[in-house]
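# Descriptive analysis of the structure
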Amino acid sequence: MPKAGQALPVFRILHTLQVSMDIATLTIVHAVLDERGIRKAARRIGRPVTSVSAALKRLEAAISVPLVRSEGGHLVPTLEARRRFPDLAAASLAATALTALAGRRENPGAIPSIGLATLQRFVACARNGSIRGTAKQLGLGQPQLTRQMADLERALGCVLLARSASGITCTADGLAALPLAEELIDIWNRLSRASGDRFRRTAATWRLGSVMPLGPESEIARMLAALTAEWHRTRPRQPLSVSSMTADELIAGLKNRRFDAALLDLADIPSDFEGRLVSQAALALAGSHEIFAENKGDIRRLLLTRPMAVPSLKSGLRQQATRFLEQTLSEAERNRMTLVEVDSIPVIINMVIHHGYLSVLPESSIARIQTPPAMIRLDTDYVQSLSLVWQKNALSRQVGEAMFAMMGQQNRQATPQNA
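Along each chain, the written sequence defines residue order, and numbers are assigned to residues from 1. Reporting of local features is limited, given that this is a predicted model, to residues whose pLDDT is at least 70; pairs of side-chain atoms are given and counted only at 80 or more, and all residues count toward the totals for whole chains, interfaces and linings. Hydrogens are left out, water is left out, and the side-chain values use all remaining heavy atoms of the structure.

### A look at the pattern of salt bridges
For side chains bearing opposite charge, pairing can occur when the charged atoms are close. Any Lys or Arg side-chain nitrogen located within 4 Å of an Asp or Glu carboxyl oxygen qualifies as a salt bridge. In total, this model carries 16 salt bridges according to the counting rule given. Arg-276 serves as the salt-bridge partner of Glu-401, at 2.8 Å between the closest nitrogen and oxygen. With a gap of 125 residues between them, Glu-401 in helix H17 (residues 394–406) and Arg-276 in strand E8 (residues 273–287) connect regions that are remote in the sequence. Owing to a relative accessible area of 16%, Arg-276 belongs among the buried residues under this scheme. Linked by salt bridges that have partners in common, Asp-34, Glu-35 and Arg-44 make up one network. Helix numbers and strand numbers start at the N terminus; a helix is a DSSP run of H or I with at least 4 residues, a strand a run of E with at least 2. Exposure classes here rest on a 1.4 Å probe applied to the protein chains alone. A residue is buried below 20% of its type maximum, exposed above 50%, and partly exposed in between.

Following this line, the structure appears as structure tokens:
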């Protein structure tokens, strides 16, 4: 590496980074993943919760990958986030070292929002030895590039480039900043390249989100299996990807276009979308045979003496269970109940069969279990509704209608809603 005062060798400049990503965002998101929480990260780095949340959303949007999911009231890194965590940790260290060049020992929250595109241009200027030549190669105006370099030096609190009649050279701080800037650019290239490869692989893929099936024999599982098999048989060049999560997460995925369509356990289709009612299944109060025998099928007594396992409030099934409890017990009686939230229907079923819990579940699905629990069918007002919904545009409607038909529901009594 040449010393301060010596020009760096000229090199052919590659395409500049066409991103608006900055080093503060990378550092903040690393803190979120490291702390597994937005509020904890905000306290650690001394930034407002809203700023930390916005940084997470900004990076997720930039790389088109969800980095966290909500689980039991906590943020849990996704598998993609765990894969990217070492790069984000390295980026945080490099960003902290870069901001410490002027002798300031900044905490992560004080790291300025220096754009990676600006760092790319600094590297180009340093290696080219000329702002004018770099501006020409990048297709920028010389005053614009000069101003960007001055803004970068001001943000870091030190001089990076020494100007002279013969061009520019790196100062001692500039030489120290150069490998850090290149490391940050390389890290971002890895992050964005992985996302670019992922996007190219999935660009022709149709994405269906679904509420979580109760098990392999459940109506939802059967429906999705039939759809997937028929889709791949009739549309071999258009892969179909199916993911399962809660209703609230599916609605959010539809809004940010992570999904092209979603199978929700809701009867009323959100006004932002359109779709069709696919099916409705009767619900039952489920519990072990021993508990039902002891209480002689007395629903009120069962509810007051046994704990109940339920999905989270994000689930349409939980909404039905809550309505059932509100109409069966008084508020004082409900306050005496023990509710345990579990966002996994197979786990809930296991708790019902083996651990003395009650739950409200679709009768037809639990009846297919090899050794089903005891059941008391609820009034006809309580049903699990499944609706297929999609965005309000012609292409999404075409895809959604095709999915609906392949589920074998085209002859059922289902009418378009919010069309």
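### Observations concerning the packing of helix H2 (residues 38–45) against helix H3 (residues 49–63)
Throughout, an axis means a line fitted to C-alpha atoms (over the contacting stretch in the case of helices), and angles, computed between N-to-C directions, take values from 0 to 180 degrees. At a closest axis distance of 9 Å, the pairing of H2 and H3 adopts a crossing angle of 115°. Relative to H3, the crossing made by H2 is right-handed. In contact with Ile-38, Arg-39, Ala-41, Ala-42 and Ile-45 of H2, H3 contributes Val-49, Val-52, Ser-53 and Leu-56. Classifying every residue of the contact of H2 with H3 gives 7 nonpolar, 1 polar and 1 charged. Less than a right angle of anticlockwise turn of the near helix away from the far helix marks a crossing as left-handed, whereas a clockwise turn marks it as right-handed. Should any heavy atoms of two residues lie within 4.5 Å, those residues are counted as being in contact. For this classification, the nonpolar set comprises Ala, Val, Leu, Ile, Met, Phe, Trp, Tyr, Cys and Pro, the charged set comprises Asp, Glu, Lys and Arg, and every other residue, Gly included, is treated as polar.

### A word on the nonpolar core
Counting 59 residues, the largest nonpolar core has Leu-119 and Phe-122 as the members making the most contacts within it. Looking at this core, the element that brings in the most residues is helix H8 (residues 172–202), giving 10 residues. In contact with Leu-119, other than residues within four places in its own chain, are Ile-23, Leu-98, Ile-114, Leu-152, Ala-181, Leu-184 and Ile-185. Residues enter a nonpolar core if they are buried and are Ala, Val, Leu, Ile, Met, Phe, Trp, Tyr or Cys, with the set joined through side-chain atoms within 4.5 Å.

### Quick look at the packing of helix H5 (residues 116–128) against helix H7 (residues 142–156)
Any two packed helices are characterised by the angle at which their axes cross and by the distance between the axes. Following both chains from N to C, one finds H5 and H7 inclined at 105°, their axes separated by 10 Å at the closest point. The pairing of H5 with H7 is recorded here as roughly perpendicular in orientation. From H5, Thr-118, Leu-119, Arg-121, Phe-122 and Cys-125 reach across to H7, where they touch Leu-145, Gln-148, Met-149 and Leu-152. Considered class by class, the residues forming the contact of H5 with H7 number 6 nonpolar, 2 polar and 1 charged. By definition in this entry, angles of less than 35 degrees are roughly parallel, angles greater than 145 are roughly antiparallel, angles of 65 to 115 are roughly perpendicular, and the rest are oblique.

### Digging into H5
Take the residue count of a helix, subtract one, and multiply by 1.5 Å to get its expected span. The terminal C-alpha atoms of H5, which comprises 13 residues, lie 18 Å apart, in line with the 18 Å expected from a rise of 1.5 Å per residue. When you tally the buried positions in H5, you get 13 out of 13 residues, the bulk of the element. Backbone geometry just downstream of H5 places Gly-129 in the positive-phi region, at approximately 75°.

### Here's the deal with the confidence of the model for the protein
Confidence of the predictor in every single residue is expressed as pLDDT, which spans 0 to 100. Summary statistics for the protein give a mean pLDDT of 84 and a share of 88% for residues scoring 70 or more. For the protein, strand E14 (residues 416–417) is the element with the lowest average pLDDT, namely 44, and helix H1 (residues 23–35) is the one with the highest, namely 94. Confidence drops under pLDDT 50 across residues 1–19; counting only partners more than four residues distant or on other chains, this segment forms 43 contacts. The low-confidence segment residues 409–419, where pLDDT is below 50, has 28 contacts with residues more than four positions distant or belonging to other chains.

### Overview of helix H15 (residues 345–354)
For H15, the set of buried residues is Ile-345, Ile-348, Ile-349, Met-351 and Val-352. For H15, the angular spread of the buried residues around the axis is 160°, confining them to a single face. Elements that come into contact with the buried residues of H15 comprise E8, strand E9 (308–310), helix H13 (316–328), strand E10 (339–341), strand E11 (359–362) and helix H16 (363–367). Backbone geometry just downstream of H15 places Gly-356 in the positive-phi region, at approximately 80°. Note that the arc is defined by the directions from the helix axis to the C-beta atoms.

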